[in-house]
Every structure is written in structure tokens, then in C-alpha cells.
Amino acid sequence: QELAVKLAMLGRNLPESKYAEWIGCFWESLTREWQDFDRYRMNKYLKLVRIQTAEMFHSLRESSYDADLAKAIMGEMRAPGGPLHLASASGVALVLANFWWQEFKVEMDAAEPPAPVMLALLDPWAELLAHSPQDHVRTRITELLDAVPVQFAKELAAKAMGVGAQPKLKQPNRTALYALVDS
């Protein structure tokens, strides 16, 4: 656990302009190696994901929820090789979904992000829901998005309607997005 904390806190030693790149490198490396991790030590990797997720949210709050930083971080996470990119979104994305609100709530209790920042953080999840061919990934992302704090539900519903209106979406994806609006 100590190593996981030290690794996650490395980002604090970087200038803010490099933080998103650090996040991208971290998640890309973890995502690339995820399937080869020793299953007997998986609890250590799960702890690393949780601690890094908590640190990421802490850094966002410390930056006063800078919208550009939030967009840059999520851009890195949805980039090729990132955990929220369609080609690699399964293992790490599912683990992230498990910890997302638990860790973000700690920072939201101290200071709530503005709606545009929250949408920047949720946008990759909505896009992944729109395009994932895997039922279990859609189910877990739907659970994550259903748990959005009520004060951001209207913005998420508008996003889900917009993404769901894309003409080339498959019906299960469209149905999952529209179900967010009804919930």
C-alpha cells in the first residue's frame, strides 16, 4: 500500500501543465499490463487503482476543479491505450467504475465541482456506453452513471440524449443511454 501511495503521489511533484500527461502514462501502462498481472496479487493492483483514482480527484479539487485540467485528464484516459478507450475498456475500466463515486465523493464533500467539470468527467463514460459491444461493460457503466449525484442528473440526461441520438448506434447501446434519462 505504501508503494501505491507513493506512486500515486508522484503527480504532486509535477507542474500542473504535465499532470494530465502523467495520468495518461500511468493509466496507459496499467491498462497495457492489466491482463498479465499475477492474479494472486490482484488485490494490490486494485488498491493501486483506487489510490490513483482518489489522488486524481484530489488533484482536480486542489486545482479548484479547473475545467481544462479535467478535460485533459479525461482526454488521456479515453486516448488509445487508456482505460476508457473503446479498444481497451474492460478490465481497468470496470475496476475504475467500482471506485469512481466512492473516491470522488470524498472530494465532492469538501468542494463540489461545477457542472461543466462534472460533464467532462462523465463524458468518456457516456461515449463508452454508447459504443461498447460488451453487455457486462454497458451494465457496469449504466450503474456508474445511474449513481450520478442528483444535482448533475439534468446535465447527464441531456448528454445521454445527445449521444443516444447518434444514428449509427446499436440498439442495446441506445437503450442503455435512454434508460439514463428515465432514471
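See the structure printed just above.
Anyway, here's the lowdown on the structure attached to this text. (Residues numbered from 1 in each chain as written. Predicted model: local features only at pLDDT ≥ 70, side-chain atom pairs only at ≥ 80, totals over all residues. Heavy atoms only, no water.)

Observations regarding the overall build of the protein chain
Part 1 of the argument: A count of helical and extended segments in the protein chain gives 9 helices and 0 strands.
Part 2 of the argument: Whereas a compact globule of 183 residues would reach a radius of gyration of roughly 16 Å, the protein chain reaches 16 Å, a difference of no more than 12%.
Part 3 of the argument: By its C-alpha atoms, the protein chain is 45 × 35 × 25 Å across when sized along the principal axes.
Part 4 of the argument: Across the 183 residues that make up the protein chain, the buried fraction comes to 46%.
Part 5 of the argument: For the protein chain, contacts bridging at least 24 residues in sequence account for 68% of all contacts bridging at least 6.
Part 6 of the argument: As displayed, the protein chain offers around 9400 Å² of accessible surface, 55% of which is attributable to carbon and sulfur atoms.
Part 7 of the argument: Between the averaged position of the 20 positive side-chain charges in the protein chain and that of its 23 negative side-chain charges there is a distance of 4 Å. (Helix = DSSP H or I, 4+ residues; strand = E, 2+ residues; numbered from the N terminus. Rg over C-alpha atoms; globule rule 2.2 N^0.38 Å. Buried < 20%, exposed > 50% of the residue type's maximum accessible area, 1.4 Å probe, protein only. Contact = heavy atoms within 4.5 Å. Areas by Shrake-Rupley, 256 points an atom, 1.4 Å probe, with all protein chains shown as cover. Lys, Arg positive; Asp, Glu negative; His and termini not counted. Charge placed at Lys NZ, Arg CZ, Asp CG, Glu CD.)

Structural notes on helix α8 (residues 153–164)
Part 1 of the argument: If you check α8, its first and last C-alpha atoms are 16 Å apart, about what 12 residues at 1.5 Å a residue would give, namely 16 Å.
Part 2 of the argument: Turning to α8, its buried residues are L156, A157, A160, V163 and G164. Buried residues in α8, looked at end-on, bunch into an arc of 135 degrees, giving them a common side. Of the exposed residues in α8, those oriented more than 90 degrees away from the buried face are K154 and A158.
Part 3 of the argument: Buried residues along α8 sit against α6 (115–131), α7 (135–146) and α9 (171–182). (Expected span 1.5 Å × (residues − 1). Arc of directions from axis to C-beta.)

A word on the nonpolar core
Part 1 of the argument: If you look at the biggest cluster of nonpolar residues, it comprises 52 residues, and the most contacted ones within it are W27, I73, M77, W100 and W125.
Part 2 of the argument: Breaking this core down by element, the ones donating at least two residues are α2 (16–33), α3 (42–62), α4 (67–78), α5 (91–110), α6, α7, α8 and α9.
Part 3 of the argument: Among the elements that take part in this core, α5 stands out by supplying 10 residues, more than any other.
Part 4 of the argument: Apart from residues lying up to four places away in sequence, I73 is in contact with Y19, A20, I23, M56 and L60. (Core = buried A, V, L, I, M, F, W, Y, C linked by side-chain atoms within 4.5 Å.)

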